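# Results of the structural survey
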Amino acid sequence: MTKALLHQDEEKRLKLLKSFCIFDSNPEKDFDNITAIASQICDTPIALISLLDENRQWFKSHHGLNVSETPKDYSFCDHAINQSEEFLIVEDARNDERFYDNPLVTGEPYIVFYAGVVLKNEQNLPFGTLCVIDQKLHTISKEQIKLLKALANQVVYLMENRRNKILLDSTLKKLKEKTKQSRIKEIELKLIHQNIPITLFQLILNKNKTNYFSYISNSFKKTFPIELPLNDINWIKSIHFYPDDYELLLNKLNKLDAKSEDFNFIGRFLANNEIIWFEINSNVIFKNSNFILDGTIKNITTTKNLEDDLRKKTIFNDLVLNNIPADIALFDKDHNYLFINQNGIKNDEIRKWLIGKNDFDYCDFKGIDATLAQVRRNYFNEAIRTKKQVDWIDEINKEGSKTYIFRRFYPFFIEGIFVYMIGYGIDVTELKQTQNDLDFKNQILINKNNELERFAYVASHDLQEPLLSILGYSNLLEDDYYEKLDNDGKIYLNFIKKSVTRMRNLITALMEYSRIEKKEILSLVDFNHLLTDVKEDLSNKINEYNAHVAWENLPALNCYPTFIRILLQNLISNAIKFTSKNTIPKVTISCIERESDWLFQVQDNGVGIDSKNFGEIFLIFKRLHNDNDYAGNGIGLAHCKKIIEIHDGNIWVESTPEIGSTFYFTISKYI
């Protein structure tokens, strides 16, 4: 885990952060709404507003996460605020050298994907991030990044507004203690006009229908990228209104009468090639044949853009959900439908009727048995109780045939409170039938394999008797008549004995091969100790060839001890045996850990193997050399292959003739 460096302006940054007076404050709806929207937009289960002081990372809002703070050293956001870019994406934290061993990656909440926008003030001092997190691989589009940045700006806006309010409250409190009430109100109005993000205004509408601003608070310049002149009936020329909005505004102003009490309007204008949304709310006073509008003008561009994006996203989601070839539904806490797509119920009227009702109501409506509805209700309750996804398969009998529907309930909680249940269903009848066929064929294969193994054992056992008879009579013939035989007879007798002995060895090897299966109990084996024992077993051969057998720090892992011992004996014995006469055999065993298995290497300096024979050496009774060069029966590597297969691994070789060979084999971590 790489710890982030301190920010180059850390002292100023911390001073800014403290000025917000926000650490350890109570939850606030405005901030929680932003993280909920961020989670929805980016389709991630977790969204956070993270603030960083000297020692900790504190969450002003933590959507989808029940933790309110973590140590700063573990913080992804600490890295985000110390980079030049305003956006940090970590696609897979498990493979990132900065985070792969971070406790928040290896433990709860098991972060895989992270994307964070840096929160900065106008002087570019960072104080935190708005980030989204997923526990699986995830991607984020340019449009989602744009929306996330817009939300981050809203967070900064809310925090500065919150600070201004605190400052305002504090200032007012001090002023109230030192000045009279009239002076307090004057200063209070001044502070409000200068600091709140809402502009106060007064608009005069004359009886001749001309109008002008008699007052606009200073906050207008901070809120809008334009300037409005005071006491100017041509003020409207300073703004590039949307044509329709301009006409609507004028019409609404012209319709004011003596009975009008308030005036409200939402419209748009263009500034710097951007659309600016504004909202007017005011009281209306009719005085001396003039209308006086006293109220506020608010910049609602961010809110409108978010609403528009959410509306587009909703339309897009509906199109997607209604075209997915699966049943998709949302349920409330009582298992009543909130939404169901067209694949779930094709009839529009029935689909609309079902909203607010449940599967029992549907069964009553259709006049069908409610057993399946009760099964679904049980799974629904289980998903809420465990707060975990529940999967099952509905078996439906219809018109003499069976249909299988894979179903899933996924409960959605926010801060421990159930919000809704997502239901999913897809027809898996063909898959189920295929699975049944595979299960049937697999059972046939298992039965045939068992029969083959029984045949190998019985055949090899029964063949021992005639071979023993041949060998016995050969020995008697040798004892009683050897001297009476001529040279040809002696050669024939020796050939018979040699062939019978080889046949016995082959049968014994076949019996041993048939016994390699997962019947032994898995045990934790220290390979360093095991190789010490194997080296002792092979001590005669090692001494005969003056061989060197060495290994590096090897692991202890679960395996079938007897078979692994046979494996190592065969590989080391072969490495020693298949060595040129003038070469001292050297065998080295090593191992590395991988994500799902252990990879072993057995390296030698032997005669090597031609690459064209790599695929044949693991076949039973396959030999590349004759007995005169190297003795053997050609079953050792076949044993090795079968042993590795019962450890859910693979075995292969890389070799260069006259240089040596390296045998590789793997042992799964999940046998």
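Position numbers for residues count from 1 along each chain, tracking the sequence in the order it is written. Totals for whole chains, interfaces and linings use all residues, but because this is a predicted model, local features are given only for residues with pLDDT of at least 70 and pairs of side-chain atoms are given and counted only at 80 or more. Working from all heavy atoms in the structure, the side-chain values ignore hydrogens and water.

### Side note on the packing of helix 11 (residues 359-366) against helix 12 (residues 371-386)
Rules: Axis lines are fitted to C-alpha atoms, over the contacting stretch for helices. Their N-to-C directions set the angle, which ranges from 0 to 180 degrees. Only runs of H or I of at least four residues qualify as helices and only runs of E of at least two qualify as strands under DSSP, and these elements are numbered from the N terminus. Each angle gets one of four labels, with under 35 degrees taken as roughly parallel, over 145 as roughly antiparallel, 65 to 115 as roughly perpendicular, and the rest as oblique. Here a residue-residue contact requires only that any non-hydrogen atoms of the pair lie within 4.5 Å. Residues are sorted three ways: Asp, Glu, Lys and Arg are charged, Ala, Val, Leu, Ile, Met, Phe, Trp, Tyr, Cys and Pro are nonpolar, and all the rest, Gly among them, are polar.
As a packed pair, helix 11 and helix 12 sit with axes 9 Å apart at the nearest point and diverge in direction by 175°. Judged by the angle between their axes, helix 11 and helix 12 are roughly antiparallel. Every residue of helix 12 that contacts helix 11 at Asp359, Phe360 and Cys363 is listed here: Ala373, Gln374, Arg376 and Arg377. For the contact of helix 11 with helix 12, the per-class residue count stands at 3 nonpolar, 1 polar and 3 charged.

### Concerning helix 12
Selection criterion: Helices are assigned an expected span. That span is 1.5 Å times one less than the residue count. Three exposure classes are used, based on accessible area relative to the maximum for each residue type with a 1.4 Å probe and protein chains only: buried under 20%, partly exposed in between, and exposed over 50%. What the arc measures is the spread of directions leading from the helix axis to the C-beta atoms.
With 16 residues, helix 12 should reach 22 Å at 1.5 Å per residue; the first-to-last C-alpha distance of 23 Å fits that figure. Those residues of helix 12 that sit buried are Ala373, Arg376, Phe380 and Ala383. Buried residues in helix 12, looked at end-on, bunch into an arc of 80°, giving them a common side. Contact partners of the buried residues in helix 12: strand 13 (327-331), helix 11, strand 15 (390-398), strand 16 (401-414) and strand 17 (417-427). Backbone geometry just after helix 12 places Lys387 at a positive phi near 60°.

### Side note on the confidence of the model for the protein chain
We apply this condition: As a per-residue quantity, pLDDT reports the predictor's confidence and falls between 0 and 100.
Overall, the prediction assigns the protein chain a mean pLDDT of 85, with 88% of residues at 70 or greater. Throughout residues 621-626 the model reports pLDDT below 50, and contacts reaching past four residues in sequence, or to other chains, amount to 18 contacts. pLDDT under 50 marks residues 628-632. Its contacts with residues more than four places away, or in other chains, come to 12 contacts.

### Here we look at the sheet that holds strand 9 (residues 240-241)
Threshold: Any two strands are treated as partners once DSSP identifies two or more bridges connecting them.
Strand order across the open sheet formed by 6 strands is 8-7-12-11-10-9, with antiparallel pairing between neighbours. Pairing within the sheet leaves two strands with one partner each, and these edge strands are strand 8 (211-216) and strand 9. The strands that helix 8 (residues 243-254) touches are strand 7 (198-205), strand 8, strand 9, strand 10 (262-271) and strand 12 (290-299); relative to strand 10, the one it contacts most, it runs at about 155°.

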